[in-house]
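# Structural features, examined
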Amino acid sequence: MKVTVCIASRGKADGLVEKVEEILAACTLPDTRVSIAFDEDDEAGIVHFDNPRVVWSVAARADDLGSAFNRCARQCPADLYVCGDDDRSYGPIGWDSLAAEAASKLPAGIGMVAEERADENALPDFLAVTAKMASVLGYLMPTHFPFWFIDTWLDEVARMAGCMVRAPITVSMRPEGTRGMRDLAWWAEFFDRTRPLRHAEASDLLDEITGGTAPPSAIWSAVMQHDGMLLARNANLRNSATAASIEARGYDAVADERYKRTRQRAEELLLREVL
């Protein structure tokens, strides 16, 4: 099984080089690669790697965060895509083998691998999506958001479809936080209101997993079983005071044209698909 770690550059060249080296040093599968999406305007510049296991591309900065991850997957096809970033690495030695072994147990090869956690309802720090799951969904990461929420979206879809497995993987992270956050309470509300779209995606996954043999009522029942836990996830983020305090730790960008376009598309999605 081929594993690709997808990283959307965030303009931190030194940290990126360090984490890529750590990721590859702990790999044991010969075909594991790191795929990096650089933006033309990365303020730290573009890093050129000599390691043949690192693939990168340079393109105009996308409006949304998910598009960069989708570019990573296209430029380095694999069977399992780890949705990473430039401030985390994985262990122990052979973490990629552990992830591949866990993924091999997924019915029809469709699903997500997460790390083992004491609180299994918590959002995982390690998130890997099979190529077959991405194919059914039509994306590796959703393209609705300027920051955050993309991994939460996938986590919810996998939980609803019952296609998440765990692997004994550890994650090392630098606590640097997300940059450019704004309107966090609005995006939390948007995320919750788009849950019906994730219901539909999870139903599509279950239909593919079961080969179309399960009745729609059974699929819908399976999809809905996690809703109680999921509904409570964003309660703190929808609180304007809490959202403002979180934004203050990562708010370092103006609401530029890219952000405005992303939010406008999100508002149109609510009108078209949800309301």
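Everything that follows concerns the structure shown earlier in this document.
Throughout what follows, the structure given in this document is the object of discussion. The model shown is predicted, which means the values in this text are computed figures rather than measured ones. (Residues numbered from 1 in each chain as written. Predicted model: local features only at pLDDT ≥ 70, side-chain atom pairs only at ≥ 80, totals over all residues. Heavy atoms only, no water.)

## As for the overall build of the protein
Definition in use: Secondary structure counts use DSSP, requiring at least four H or I residues in a row for a helix and at least two E residues in a row for a strand, with both numbered from the N terminus. The rule is simple: take the accessible area with a 1.4 Å probe, protein chains only, and divide by the maximum for that residue type; under 20% is buried, over 50% is exposed, in between is partly exposed. In this description, contact between two residues means that some pair of their heavy atoms is separated by no more than 4.5 Å. Each accessible area is a Shrake-Rupley estimate made with a 1.4 Å probe; only the visible protein chains count as cover when residues are assessed. Working convention for charge: Lys and Arg count positive, Asp and Glu count negative, and His plus the chain ends are omitted. A single reference atom marks each charge: NZ on Lys, CZ on Arg, CG on Asp, CD on Glu.
Looking only at helices and strands, the protein features 12 helices and 9 strands. Split into buried and exposed, the 275 residues of the protein put 51% on the buried side. Restricting to contacts in the protein with at least 6 residues of sequence separation, those with at least 24 account for 75%. Accessible area of the protein: about 12,100 Å², with a carbon and sulfur share of 52%. For the protein, the centre of its 30 positive side-chain charges and the centre of its 43 negative side-chain charges are spaced 1 Å apart.

## Quick word on the packing of helix α5 (residues 150-161) against helix α7 (residues 195-209)
In a packed pair of helices, the relevant descriptors are the angle between the two axes and the axis-to-axis distance. Put simply, the rule reads: Convention adopted: a line fitted to C-alpha atoms gives each axis, helices being fitted over their contacting stretch, and angles between N-to-C directions are expressed from 0 to 180 degrees. Reported orientations rely on four angle classes, namely roughly parallel under 35 degrees, roughly antiparallel over 145, roughly perpendicular from 65 to 115, and oblique for the rest. By convention, the crossing between two helices is left-handed when the near helix turns anticlockwise from the far helix through less than a right angle, and right-handed when the turn is clockwise. Polar here means any residue other than Ala, Val, Leu, Ile, Met, Phe, Trp, Tyr, Cys and Pro, which are nonpolar, and Asp, Glu, Lys and Arg, which are charged; Gly is therefore polar.
Where α5 meets α7, the closest approach of the two axes is 8 Å, and the angle between their N-to-C directions is 50°. Between α5 and α7, the interaxial angle falls into the category oblique. Crossing geometry of α5 relative to α7 is assigned as right-handed. Where α5 approaches α7, its residues W153, E156, V157, M160 and A161 are matched on the opposing element by R195, L197, R198, H199, E201, A202, L205 and L206. Taken together, the residues of the contact of α5 with α7 sort by class into 8 nonpolar, 1 polar and 4 charged.

## Overview of the side chain of D39
Formally: Each polar contact in these results corresponds to two N or O atoms within 3.5 Å; when the atoms are within protein, one needs to be able to donate a hydrogen and the other to accept it, and residues that are neighboring in sequence are counted only if both atoms are side-chain atoms.
Here D39 lies in strand β2 (residues 33-39). A polar side-chain atom of D39 sits 3.0 Å from a polar atom in the side chain of R61. Apart from the residues within four sequence positions on either side, D39 is in contact with S9, I46, V58, A59, A60, R61, A62 and R71.

## Focus: the nonpolar core
Spelled out, the test is: Residue types Ala, Val, Leu, Ile, Met, Phe, Trp, Tyr and Cys, when buried and joined through side-chain atoms within 4.5 Å, form a set referred to as a nonpolar core.
Core analysis: the biggest nonpolar cluster contains 53 residues, and V129, M133 and L140 have the highest contact counts within it. Top contributing element to this core by residue count: α5, with 7 residues. With 31 residues, the next largest nonpolar core counts A26, V47, W95 and A103 among its residues.

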